Protein chains: 2
Amino acid sequence: MRIEDVARLAGVSPITVSRTINKSDQVVEETRRAVQKAIDRLGYIPNRLAGSLASTRTRVIGLVISTLYSNIFAITVRGMTDTLLTAGYQLSLGVSNDLLEVESAHVRSFLGQRVDGVCLVGGIHDRLVRRALLQSGVPVVEINNLVSDPIDMCVGYSNEEASFAMVRHLANCGYRRIGLVTAPTENNDRSQARRAGYRRALAQLGLPFADSLIGTAPYTVAQGARAFASILSLNPDLDALFLTQDNAAAGAILEAKRRGVRVPGDIGIAGFDDADIGQEMVPALTTVRTHHYEMGATAARMLLRRIDGGAPPHPVVDVGFEIIPRGSTRPPPA
Amino acid sequence: MRIEDVARLAGVSPITVSRTINKSDQVVEETRRAVQKAIDRLGYIPNRLAGSLASTRTRVIGLVISTLYSNIFAITVRGMTDTLLTAGYQLSLGVSNDLLEVESAHVRSFLGQRVDGVCLVGGIHDRLVRRALLQSGVPVVEINNLVSDPIDMCVGYSNEEASFAMVRHLANCGYRRIGLVTAPTENNDRSQARRAGYRRALAQLGLPFADSLIGTAPYTVAQGARAFASILSLNPDLDALFLTQDNAAAGAILEAKRRGVRVPGDIGIAGFDDADIGQEMVPALTTVRTHHYEMGATAARMLLRRIDGGAPPHPVVDVGFEIIPRGSTRPPPA
DNA sequence: AGGCAATGTGGTAGCGCTAGCATCGAGTCA
DNA sequence: TGACTCGATGCTAGCGCTACCACATTGCCT
């Protein structure tokens with residue numbers, strides 16, 4: 001079924017049908033209704049492959065997130081879709097599972113589909129992907145970190161500063177022997193920055209460091225529990241653990257309970273992202289709040305601005321972060 | 001940049017470039033290498049809009065999931081992508097947030113993109129979407145439930161039987177006053193089936209029912225905690241609560257702890273899906289295990305089979321479920 | 001009345017690719 | 001040697017739509 005079939009039934013030319021669908025304000029009400037009736041009668045669905053090929057615009061934005069196992073991206077995705085939908089754009093979603101080559105494949109696929117914009121997490125990408133994005137000229141925005149050398153634009157927060165601030169907060173609460181758990185650092189600049197902020201804080205505060213204080217856990221509760229157990233066994237004098245992902249931090253709280261370790265008395269636990277699970281834990285989780293909805297919405301707006309060809313948005317936007325003290329760490333001295 | 005530019009640089013015709021990309025076994029090794037070199041030199045990325053328009057195949061499967069807030073779909077998505085990638089297909093992902101009109105929009109968009117297959121969650125869909133899918137002739141598979149009247153094919157498990165089995169298990173453990181929390185039932189046949197199984201079990205076992213025993217909570221820990229609090233306040237004699245989503249059930253365990261209610265002594269708690277958080281809770285969560293990876297992989301295989309035009313797969317596949325008793329419910333009598 | 005803008009609609013061409021057949025050259029066999 | 005096969009490559013047409021310009025109609029001004 002083609003646009004021509006609709007045109008014939010409605011008694012107009014194909015181009016009028018096209019306008020009714022895409023630019024209905026250019027068609028007089030009566031014509032519009034006749035065409036719409038024909039479309040409904042036939043159950044016609046326009047072929048976007050053909051439409052986009054002819055118009056060289058797809059009204060699709062490609063987003064590659066790193067995982068579906070944590071729900072933090074759910075909020076970012078809502079921020080993006082809420083903004084995009086009102087502008088008549090849609091989101092196409094890819095999941096990389098933190099593998100560079102999977103991200104590459106998604107981006108190449110997006111470029112092959114001729115998406116109008118691309119959104120990626122973090123600043124580390126395959127060299128060829130970077131080149132392909134630059135060469136294609138599509139607007140690109142990197143999120144979840146402040147990227148030093150963005151491909152195009154960037155909106156996020158400083159993971160380094162956030163991590164630094166949390167460690168300083170823990171120290172301020174009286175914790176001295178502070179461990180850190182992040183997602184794997186390979187090809188993950190957010191994890192790298194969080195480790196760097198941690199190291200910088202320890203050095204500046206004169207707190208002890210040892211390799212055994214650092215552990216790795218991806219996105220799940222179970223992995224956080226295991227990381228906690230392992231660091232504690234290597235560091236019997238551990239008195240605080242900062243897990244830079246709330247699910248993992250929740251796992252640590254649960255593991256502590258299982259072992260009869262009191263939180264925050266024996267050991268303080270802190271997380272990152274202010275996921276909903278943190279508030280429900282017993283004790284509630286001290287965490288870093290980041291602004292994912294705003295970040296997603298801003299990323300979408302920046303892409304749209306670039307697409308519309310108006311004034312280029314400021315290329316780097318910092319949405320900030322806040323330390324949220326809760327029951328899983330001791331209160332700071334008054 | 002077009003296929004012609006690559007062809008010129010490689011000294012062959014455009015069609016040979018096309019074959020190098022899509023059917024490389026039809027091109028002799030020497031030619032193939034020359035073309036590949038030209039592609040790499042230019043950073044050429046084929047325009048899939050044009051390719052798919054000409055070939056009437058996109059090698060894309062559209063999937064609409066209902067939420068990103070629970071990570072249960074992460075596993076299904078992995079099952080699908082693992083299977084699809086090896087066949088050279090990709091997944092395009094939409095999130096409906098359980099809204100029928102959003103699902104509709106995604107499906108219409110998929111059909112507009114001329115995807116080669118569609119996968120939807122559950123069996124309740126917009127009437128026009130059903131019609132559009134049937135009319136388009138694309139293979140469709142519905143997952144996460146055993147759908148009585150599938151659009152095309154279906155792979156899942158019986159939510160009604162699973163819910164029935166869990167309530168019977170709870171009764172067998174000595175619980176009598178059993179409450180239920182599901183996601184909203186509107187347009188959600190999984191929730192409806194879980195309520196039906198619960199009602200059938202209560203009736204068959206001669207256990208008491210009251211409207212106040214039933215609550216609603218979507219996918220988060222916080223919502224589960226609130227639902228638990230509310231049902232408990234309405235039913236002081238409650239002795240077990242079955243929350244048909246593990247995050248929510250985890251929230252109930254945490255809320256019980258906050259209130260000093262002992263689990264499983266005072267109240268038994270059961271969940272659904274066997275998410276990783278359940279095993280880590282203290283006490284660990286009794287749950288219904290379903291087979292999401294297998295379900296996703298099977299759904300993908302069924303679609304591919306239909307696309308290849310071979311023998312049509314059996315239209316309904318039951319991947320089953322198991323009751324997993326853990327510490328959040330009393331052990332059954334020996 | 002003639003000119004002119006504003007508005008709505010139509011015709012033509014082409015977006016970049018691949019299906020389907022045509023062609024060409026080299027090897028094979030009687 | 002000639003007929004034939006087979007594998008590699010090329011040519012033509014067209015996938016379904018929209019950009020671009022042309023054109024018709026209307027209402028308004030001078």
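Located above this text is the structure these notes cover.
In this report, we go over the structure that sits alongside the text. The structure displayed is predicted, hence computed values, not measured ones. (Residues numbered from 1 in each chain as written. Chains lettered and ligands numbered in written order. Predicted model: local features only at pLDDT ≥ 70, side-chain atom pairs only at ≥ 80, totals over all residues. Heavy atoms only, no water.)

**Side note on the overall build of chain A**
Thought 1: Helix and strand counts for chain A stand at 13 helices and 12 strands.
Thought 2: Seen along its three principal axes, the alpha-carbon backbone of chain A occupies a region of about 80 × 40 × 35 Å.
Thought 3: By residue count, 57% of the 334 residues in chain A fall in the buried class.
Thought 4: Considering only contacts within chain A whose residues lie at least 6 apart along the sequence, 69% involve residues at least 24 apart. (Helix = DSSP H or I, 4+ residues; strand = E, 2+ residues; numbered from the N terminus. Buried < 20%, exposed > 50% of the residue type's maximum accessible area, 1.4 Å probe, protein only. Contact = heavy atoms within 4.5 Å.)

**A word on the sheet that holds strand E9 (residues 268-270) of chain B**
All names here are of chain B.
Thought 1: Taken together, 4 strands build an open sheet; the order of strands is E7-E6-E8-E9 and the sheet is parallel. At either margin of the open sheet sits one strand with a lone partner, and together these are strand E7 (214-216) and E9. This sheet shows a mean twist of 20° between the axes of neighbouring strands, independent of strand direction.
Thought 2: Two strands pair when backbone bridges link them, and strand E6 (residues 178-182) and strand E8 (residues 240-243) are joined in this way by 4 bridges, in the parallel orientation. Residue pairing for E8: Ile178 is matched across the bridge by Ala240.
Thought 3: In the packing of helix H8 (residues 159-172) onto the sheet, the strands contacted are E6, E8 and E9, and the crossing angle to E8 comes to about 160°. (Pairing = 2+ DSSP bridges. Axes fitted to C-alpha atoms, helices over the stretch in contact; angles between N-to-C directions.)

**Details of helix H13 (residues 292-308) of chain A**
All names here are of chain A.
Thought 1: Taking 1.5 Å per residue as the helical rise, H13 with its 17 residues ought to reach 24 Å, and the 24 Å between its terminal C-alpha atoms agrees with that figure.
Thought 2: All buried positions along H13 are accounted for by His292, Met295, Gly296, Ala297, Thr298, Ala299, Ala300, Met302, Leu303 and Leu304.
Thought 3: In the segment just after H13, Gly309 is the residue with positive phi, at about 75°. (Expected span 1.5 Å × (residues − 1).)

**Quick look at the pairing of strand E5 (residues 153-156) of chain B**
All names here are of chain B.
Thought 1: Side chains Met153 and Val155 of E5 all project onto a buried face; the interleaved residues Cys154 and Gly156 project onto the opposite face, where all are buried too.
Thought 2: As paired elements, strand E4 (residues 140-143) and E5 share 3 bridges and run parallel to each other. The residue of E5 that forms the bridge with Val141 is Met153.
Thought 3: Pairing of E5 with strand E11 (residues 316-318) involves 3 bridges; the strand directions are parallel. Its bridge partner lying in E11, Val155 is registered against Val317.

**Concerning the environment of Val115(B)**
Thought 1: In this structure, Val115(B) sits in the loop between helix H6 (100-112) and strand E3 (117-121).
Thought 2: Taking the C-alpha atoms as reference, Val115(B) lies 8.8 Å from Ser92(B); in sequence the two are 23 residues apart.

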